[in-house]
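Spelled out from the first residue to the last, the chains are:
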Amino acid sequence: MGKIKFAVVVFPGTNCDMDCHYVVKEVLGEDADYVWHTQEDLSPYHCIILPGGFSYGDYLRTGAIAKLSPVMESVRKEAEKGKLVIGICNGFQILVEAGLLPGALLKNTKLRFLCKFVYLRLDNNDTPFTHLYKKGEVLRMPIAHFEGRYFAPPEVLDTLERNGQVVLRYSSSEGELVEGVNPNGSLNFIAGIVNEKRNVFGLMPHPERCSEKILSSDDGYRIFKSMAEWARTHLKEL
Amino acid sequence: MAKPLYKELGLTRYEYERIKKALGREPNIVELGMFSVLWSEHCGYKHSRHFLKMFPTRAPWVIQGPGENAGVVDIGDGQCIAMKMESHNHPSAVEPFQGAATGIGGIVRDILAMGTRPIALLDSLRFGSLNSPKVKYLFQGVVSGISFYGNCLPAEEKIVLKTKGNMECISIEELANRFIPENKNVPQAAELEDVEILSFDLHTRSVCWKRALKVFRRKAPSFVEVTTSSGRRLLATPDHPLLAFRRGLNFISCGSLEKGDTVFLFQDLSYPRPTRVLKVSSVEEERWVFDVEVEDTHLFLTQAGFAVHNCIGVPTVAGEIYFEDSYEDNPLVNVMCVGLGRIEELQKGRAEGIGNTVVLVGSSTGRDGIAGAAFASVELGPESESKRPQVQIGDPFTEKLLIEAVLEAIKTGAVVGVQDMGAAGITSSTSETAARAGTGMELDLDKVPLREKGMTPFEIMLSESQERMLLIVKKGEEEKVKKVIEKWGLNYAPIGIVTPDGILRVKHKGEIVAEVPAKLLAEAPRYRPRPVKPAYIDELASFSTTNLPEPDDYNKVLIKVLSSPNIASKEWAYEQYDHMVLVNTVIYPGGDAALLRVKGTSKGIAIKTDGNGRYVYLNPYRGGMIAVAEAARNISATGAQPLAITDCLNFGSPEKGEVVWQFSEAIRGMAEAASYLNIPIVSGNVSFYNESPDRRVFPTPVVGMLGLIENIDNRLTAGFKNSGDIVVLVGDTFPELGASEYLKEIFGKVAGEPPKVDLEREWRANKLVIESAKLGILSSAHDIAEGGLAVALAEACMLGGVGANIRIPTSPIPPSYYLFSESQARFLLSLPPEYLHRLEGLAEELGVPISIIGEVGGNRLHIESDRELVSLSLQDLESVWRYSIQRMMES
C-alpha cells in the first residue's frame, strides 16, 4: 500500500491542526489533508485526527457544539467501519461529547489553564495507537488544557479498567501513581482511553508537540507511527 | 459653566484653533471627535516624536523601520520577521482581564497587517508589591486575561443561539437590542421570533436547543458582587436565585448570601461545582439587566466558566514580570508579537490606487471602547472605575478566524493594503492608510455592519470594537476577497473607495458628516516641553553602598533573594499560557530568551523582552542603556546574534518637566546602546500618563529584541548539564550594589547608582558567547543580571538539575558584593574541561576577562571563599525559587 491518508479535521477555532498536519506529512512522511467541519464524507481516509483547539470558541462546555457539526456524523460512520480516530485534547473532549468515548472532561481541580510537560505511564500497548511502545513505558509529553479532569461514574470506570481501555495515566517519572503527579485531578490518573473496539483513542496530552527530538521529547511520535503501520497492515487500500 | 466640547474630548484650545485654521471653518462634532482621538498622545505621539528621532533605525537587514504597523527584518532565504510591541496599561488597571486580552488582540492584528503570520507572543508585566490584595487581583486578572485571549474566559454573558438555521454567539444585550425598539430608556420586553437558544435540560442533564420566547430589559438599582473560592466573581441582582447548600439544597437569593455559604455554579455545565463564598458586597449602581424566557426551562446557557487553550493559536513564549511599589495603581501590561512571512508577500498599510475599494472585515461595529485612545492619554483618577465601558471586549475566537481569513485574502493577490483597526477604529485606519499613500477616501457609514441600532456617525467613526481589519482591495477583484472572507464566516463590507484628492470624506444617510484632509488628521501637533531634572535623582544617587555589613548567614540571604518575586520563577504565570502551539518553541519560558525554530530551515530566532524600571528611575540614561544591553545578553546567551529591537516606553505625564527629563535621558541611553551594539529599533510604542494622583510609575522602557541563530543545533540553554564541566565567569565584577535586588530585599532600599555600562565590553562579551556557541564548545550560558552571580548560579543549578562547587576570591571585593553585585557585561558559562583552552584563546583574542570559578557536580550549590559561604541542596533552592509566587498568589 502507498501512503496512509490522514484527515485533520478543522473546526472554527481549532488551533493544533497545523501541528498535526506537519507531524503526519513532514515527520512521519505520510499523507494528510485538512478537512473542514462541514465535510460529510471521510471515506477517503484511513485515519482521522481531531486536533486540539477551542472549537466554536468553547462558548459552552468544550466540544459541546462541535459534536453537532456535520463532520462528526462521518467520523462516527468511519469509526464504525473500523478506521482509526484519534482525538487530542479538545479533540478528546469532542469525542466524549459525541459519545464515541465514555465519560466527561471537567475543569482542572486547580481551576487554571495548565501548559507543561508531564510524565505518563503507558498501560496498554495492545491497541492500533500504541503497539510500538512497551507496556509500562514512561513517556514525557506536554499538556495544555483547562478542562482535562477525566470523570466517569464508577460502573463506567470499572468497565474501562476491566477491558484495559485505559491507555495512558499521569504518573511520576518512575511510572508510579502517587500524590502530586496528577495535574488536573483525573479519576484513576486517566490521561487517555480507547473505545471497546480499540479504534477510537482520546487523550489530553499533545503527542504532536513531542514528535521530534528538537522539541525536547519525541515520545509522541510512535503514536502516529503506530497508527500508520497498523493501518497499512489492517486497512484496505482506498 | 460647561466645558467646551473640544475640551470634553481632550483637545486643547491651541489644538482647536489649529484645526479651525486648517479647515477654514468650525469643525463639526464628528470631525472634532476624529481629531480628538488621532491627536491624542496614544495615536499622535505629540510629546515623544521629537525624542524618538534619536533612535537608530537602519541596518542592511532592516526591511521596514518605524512608521508602519510593525517593523520587519530580513532573516535570509526570502523570509522575514515582523515585530511590534504595544502597551495596554490603562485598560488593565481598570478591568484587568479584558484589558490584557485586547492588548493581545491588537498587537496580533498589527503583525497580521504586514502580511505575516503571528508565531509568538511575549508579555512584559509590571505590578505593585504582591503583598497587596489589589495587586494580586490585577496580577491574576492580567495573567488570566492573557490566557483568555490565550484561553477564552467569559467576557460578557454570551449566549448561543440559532436563527433561521444560523448559529451565533452574541451577548445577551445584543440579542435584546435586536428585538427591542430603539428607545433605550425604558424597561421593555419583546417577543422573539424564530430564535432557538442553547439550553440545559435538567431532566436529561444534557444540552439541547430550546425555543426562546421573550427577551427582557430592565433597570436594576443595585447589585451584589459574590466572590467565590474558585476565583469567580459574579455580579447579580439581589433577587437572582442561586443554587446553594443551606439546610439542604435550595435556591436562595444572592442578596441573602453570606460569607462561608456553599453555592453551586454551572461552571461545568454538566456538573455544577460546589464553591465557597468568600465575600459578598453590595454595589449601589444603576445598570440595565437582561433576561431571556425559554420554553420549559429557565436554564439557558451562558458562555460559561473558564475555557481552554490558546484560542488564537499563537504561543506565549517568553516575557518578564517585575514587582515594584510604584506600579501598584498603574500596572504595566506590554505585549510583543512576532510574525513570520515571505518578503515578497509583505503588505503595507497604504491606501494605494485611486478607485480601489476600502473594505472592512471582521466583527460588527458596536459602542465598545468609544474614545479609548483618548482614555489611554489621561492620568488615572477616581473616575477611572466608571470608565469600564471604554475598555473593549475581546473575542479570541473571532480573532483566530480573522488571522486565517486575512492571510488567505492576501494570497489572492487582490489586496494592496492592510491596516489594523485598533485605537480610534475606522477613523485612524482610514486616515493613516490614506495619509501614507497621499490619497483620500470616501466612506459610506451606512455600509458598516453595526452591532447596535441607532449608532451615530460619531460613534461609528470612533468605535474601538475589536477583531476588525481594513483592506484596500483592487478595483474589479473584490469578489475574490469577498469569497475568502465569507468562507471564514466574517463580515465583508465595502465601505468606501480611494480618491485622489487627499480628503477623508464621510457620508451617513446621504449626507456628508465629515470632510477633512487625511494628512491633517495623521499629523498631530508636536510639543517639546522643557525637561527638568527631578530632585530625587541626586538625593538617591548619593546613598552610599560601599560599607554594607557582610551577612552572618549567606544561605539565608540567598534564600531571601531567591524568594523575591522579581527573582523567583514565573512558572505560575507562564504555565497558564500555551507556549507550545505551532510546535516551533525549542527553548521554553524560564530561560534567558525563547528560541523558536524556523520550520524547513536550520535557522532559529531568539526573542526576549526586558526592562528594569528601578535602574531607569535611579539613572534614566544608564537604565536605558542597560535595558538594551541586558536584552542583548539574553539573546546572545542562546547563541543567537541580536538583530533588532521593538520597544514600549512606559512613562508618567509628558506634560511634566520631570517626566520629560526621564524620558529624554532614557531614550538617549537606549539610542546610544542600540547604535553601539548595532541593533536598530524598527518599531515601538509610547505609553504616557502612567500615574495616579498618589504615584507615578518608575520610568520603564521595555525592550523587545529579536536575534537569529543560523544553525539551531548550536543553541545554548542556561542550565548546567554535565558533572565535571568547568564553570566560567565572563567579565569583571565590581562592587556595584546600587539599585540591586540585594539592596532592596536585604536592606529595604531602592537607592544608589545602577551599575556602570561599558558598551565596548558588552559588545565583546556577547561576541565571545556567540562565537563559542558556533564552535560548539559550551555546555551552558546564562546572562548575569538581577541578583548577581549568586542568583545566576542557583538558576543554572536548578534549570539543569545538577549542583556546583564554586570558589570565589576573598579580596579585594567582599563576598556579598562579589555574589550579589549586578555588574554588567557578564555571563555564566559551563563547558567540558577539554575545551577550556579554546575558550581561553578566544577570550584573549577578544580581550574579554574570564575567570574559572568552579565545576559542575553533586546535588548542592556550594560556594566558598576562604570559608564556606553557601551550601544549599537543589531541593532547598527549588522550594523557594519555584514556588514562591504560587504561594503568594494562593495565600
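Note that this is a predicted model, so its numbers are computed, not measured.

A.B. asks: Which parts of the structure should I look at to understand the overall build of chain B?
C.D. replies: Counting secondary structure elements, chain B contains 28 helices and 38 strands. Within chain B, residue pairs in contact and separated by at least 24 positions form 80% of the contacts whose partners lie at least 6 positions apart. Entry remark: accessible area of chain B is about 31600 Å², with carbon and sulfur atoms responsible for 50%.

A.B. asks: What am I meant to see in the packing of helix α20 (residues 620-636) of chain B against helix α21 (residues 657-676) of chain B here?
C.D. replies: Residues and elements named next belong to chain B. Where α20 meets α21, the closest approach of the two axes is 7 Å, and the angle between their N-to-C directions is 40°. Looking at the two axes, α20 sits oblique to α21. Here the hand of the crossing between α20 and α21 comes out right-handed. Between α20, through P620, Y621, G624, M625 and V628, and α21, the contact on the second element is made entirely by W661, Q662, E665, A666, R668, G669, M670, E672, A673 and A674. Of the residues in the contact of α20 with α21, the class split is nine nonpolar, three polar and three charged.

A.B. asks: Mind showing me how you'd approach the packing of aromatic side chains here?
C.D. replies: Residue and element names in this part refer to chain B. Enumeration over the complete set of coordinates arrives at 16 aromatic pairs over all chains. Three or more aromatic residues link up through ring pairs in this structure, and these residues are F51, F651, F663 and F688. Over the aromatic face of Y621 sits the side chain of R668, whose NZ or CZ is 4.1 Å from the ring centroid.

A.B. asks: I tried to follow the sheet that holds strand β4 (residues 117-127) of chain B on my own but got confused; where do I start?
C.D. replies: Note on sheets: strands pair through backbone hydrogen bonds, and any given pair is parallel or antiparallel. Residue and element names in this part refer to chain B. The six strands lie next to each other as β1-β2-β3-β18-β4-β17, forming an open sheet whose pairing is mixed. If you trace the sheet from one side to the other, it starts and ends with β1 (62-64) and β17 (316-323), each paired once. Strand-to-strand twist in this sheet, taken as the mean axis angle between neighbours without regard to direction, amounts to 20°. In this structure, β4 lies alongside strand β18 (residues 332-342), joined through nine bridges in antiparallel fashion. From the neighbouring strand, D123 faces β18, where its bridge partner is V335.

A.B. asks: Looking at this structure, I do not really get the sheet that holds strand β6 (residues 114-122) of chain A. What am I missing?
C.D. replies: Residues and elements named next belong to chain A. Within the open sheet, the nine strands sit side by side as β2-β1-β3-β4-β11-β10-β9-β6-β7. Their pairing is mixed. Strands with a single pairing partner mark the edges of an open sheet, and in this sheet they are β2 (31-36) and β7 (138-145). In this sheet, adjacent strand axes meet at a mean angle of 25° when their direction is disregarded. Across four bridges, β6 lies against strand β9 (residues 166-171) in antiparallel orientation. Bridge pairing in β9 links R121 to R169. Along the sheet, helix α1 (residues 17-27) makes contact with β1 (5-10), β2, β3 (47-50) and β4 (84-88), crossing β2 at roughly 160°. Sitting on the sheet, helix α3 (residues 90-97) touches β3, β4, β10 (190-194) and β11 (200-203), and the angle it makes with β4 is about 115°.

A.B. asks: Mind showing me how you'd approach the packing of helix α17 (residues 554-563) of chain B against helix α24 (residues 788-800) of chain B here?
C.D. replies: Two packed helices can be described by the angle between their axes and the distance between those axes. All names here are of chain B. At a minimum axis distance of 10 Å, the contact between α17 and α24 shows a crossing angle of 75°. With respect to α24, the axis of α17 lies roughly perpendicular. The segment α17 lies against α24, with L558, V561 and L562 engaging A790, V791 and A794.

A.B. asks: Looking at this model, I keep getting lost on the pairing of strand β31 (residues 700-709) of chain B. Mind explaining?
C.D. replies: Both faces of the sheet carry side chains from a regular strand, because those side chains alternate between them. Residue and element names in this part refer to chain B. Taken across its ten residues, β31 has ten buried, putting it largely inside the fold. Side chains T700, V702, G704, L706 and L708 project from β31 onto one buried face, and the interleaved P701, V703, M705, G707 and I709 project onto a second face that is buried too. Pairing geometry for strand β28 (residues 604-610) and β31, over seven bridges, is antiparallel. Along β31, the bridge assignment pairs D610 with V703. Pairing analysis gives nine bridges linking strand β29 (residues 641-650) to β31, with the strands arranged antiparallel. Paired with A644 across the two strands is L706, which belongs to β31.

A.B. asks: Help me understand the side chain of B:N612 in this model?
C.D. replies: All names here are of chain B. Within the secondary structure, N612 is located in the loop between β28 and α19 (613-618). Its relative accessible area of 7% is what places N612 among the buried residues. At 2.9 Å, the side chain of N612 and the backbone nitrogen of R614 are in polar contact. Setting aside anything within four residues of it in sequence, one finds N612 in contact with Y322 and E786.

A.B. asks: I tried to follow the side chain of B:S326 on my own but got confused; where do I start?
C.D. replies: Residue and element names in this part refer to chain B. Within the secondary structure layout, S326 lies in the loop between β17 and β18. Side-chain polar atoms of S326 contact the backbone nitrogen of F698, separated by 3.0 Å. Every residue in contact with S326, bar those within four places of it in the chain, is listed here: R695, R696, V697 and F698.

A.B. asks: So what exactly am I meant to see when it comes to the confidence of the model for chain B here?
C.D. replies: Caution applies to low-pLDDT regions: their predicted coordinates should not be interpreted in detail. Residue and element names in this part refer to chain B. For chain B, mean pLDDT is 85; residues scoring 70 or higher make up 81% of the total. Contacts from residues 94-99, a stretch scored under 50 in pLDDT, to residues over four places away or in other chains number 29 contacts. Of the regions scoring below 50 in pLDDT, residues 302-310 engages in 66 contacts with residues more than four places distant in sequence or in other chains.

A.B. asks: Mind showing me how you'd approach a negative patch on the surface here?
C.D. replies: Taken together, the side chains of B:E191, B:E193, B:D194, B:E196 and B:E293 define an acidic patch exposed on the protein surface. If you trace the backbone, B:E293 turns up in strand β16 (residues 287-294).

A.B. asks: Mind showing me how you'd approach the environment of B:K556 here?
C.D. replies: Looking at the element boundaries, B:K556 is found in helix α17. Assessed through its relative accessible area of 62%, B:K556 is described here as exposed.

A.B. asks: Teacher, can you tell me more about empty space enclosed by the protein here?
C.D. replies: Vacant regions in the atomic arrangement are exposed by a probe of water-molecule size rolled over the atoms. All names here are of chain B. Applying the stated rule across the entire model yields four cavities of 30 Å³ or more. Quantified by volume, the largest cavity comes out at close to 720 Å³. What lines the largest cavity is a set of 38 residues, among which G319, E320, K570, G591 and K608 lie closest to the centre. Among the secondary structure elements, those contributing two or more residues to the lining of the largest cavity are β4, β17, α18 (571-574), β28, α20, β33 (780-783) and α24. Per-element accounting of the lining of the largest cavity gives the leading share, seven residues, to β17. The residue inventory of the lining of the largest cavity, partitioned by class, reads 19 nonpolar, nine polar and ten charged.

A.B. asks: Hey, could you run me through helix α2 (residues 70-80) of chain A in this one?
C.D. replies: Every α-helix winds through 3.6 residues per turn, so residues three or four apart in the chain are directed the same way. All of the buried residues in α2(A) are A:V71, A:M72, A:S74, A:V75, A:E78 and A:A79. Buried residues of α2(A), seen end-on, are gathered within an arc of 160° and therefore sit on one face of the element.

What counts, and at which threshold
- Residues numbered from 1 in each chain as written.
- Chains lettered and ligands numbered in written order.
- Predicted model: local features only at pLDDT ≥ 70, side-chain atom pairs only at ≥ 80, totals over all residues.
- Heavy atoms only, no water.
- Helix = DSSP H or I, 4+ residues; strand = E, 2+ residues; numbered from the N terminus.
- Contact = heavy atoms within 4.5 Å.
- Areas by Shrake-Rupley, 256 points an atom, 1.4 Å probe, with all protein chains shown as cover.
- Axes fitted to C-alpha atoms, helices over the stretch in contact; angles between N-to-C directions.
- Parallel < 35°, antiparallel > 145°, perpendicular 65-115°, else oblique.
- Left-handed = near helix turned anticlockwise from the far one by under 90°.
- Nonpolar A, V, L, I, M, F, W, Y, C, P; charged D, E, K, R; others polar.
- Phe/Tyr/Trp six-rings, centres within 6.5 Å; stacked < 30°, edge-to-face > 60°.
- Lys NZ or Arg CZ within 6 Å of the ring centre and 35° of its normal.
- Pairing = 2+ DSSP bridges.
- Buried < 20%, exposed > 50% of the residue type's maximum accessible area, 1.4 Å probe, protein only.
- Polar contact = N/O pair within 3.5 Å; in protein donor to acceptor, adjacent residues only side chain to side chain.
- pLDDT = per-residue confidence, 0-100.
- Patch = residues over 30% accessible without salt bridge, like charges linked within 9 Å, V, L, I, M, F, W, Y side chains within 5 Å.
- Salt bridge = Lys/Arg side-chain N within 4 Å of Asp/Glu carboxyl O.
- Lys, Arg positive; Asp, Glu negative; His and termini not counted.
- Charge placed at Lys NZ, Arg CZ, Asp CG, Glu CD.
- 1 Å grid on protein atoms, 1.4 Å probe; cavity = no way out; pocket = protein on both sides within 12 Å on 5 of 7 lines; lining within 4 Å.
- Points joined across faces, edges and corners; volume = space filled by probe spheres on them.
- Arc of directions from axis to C-beta.

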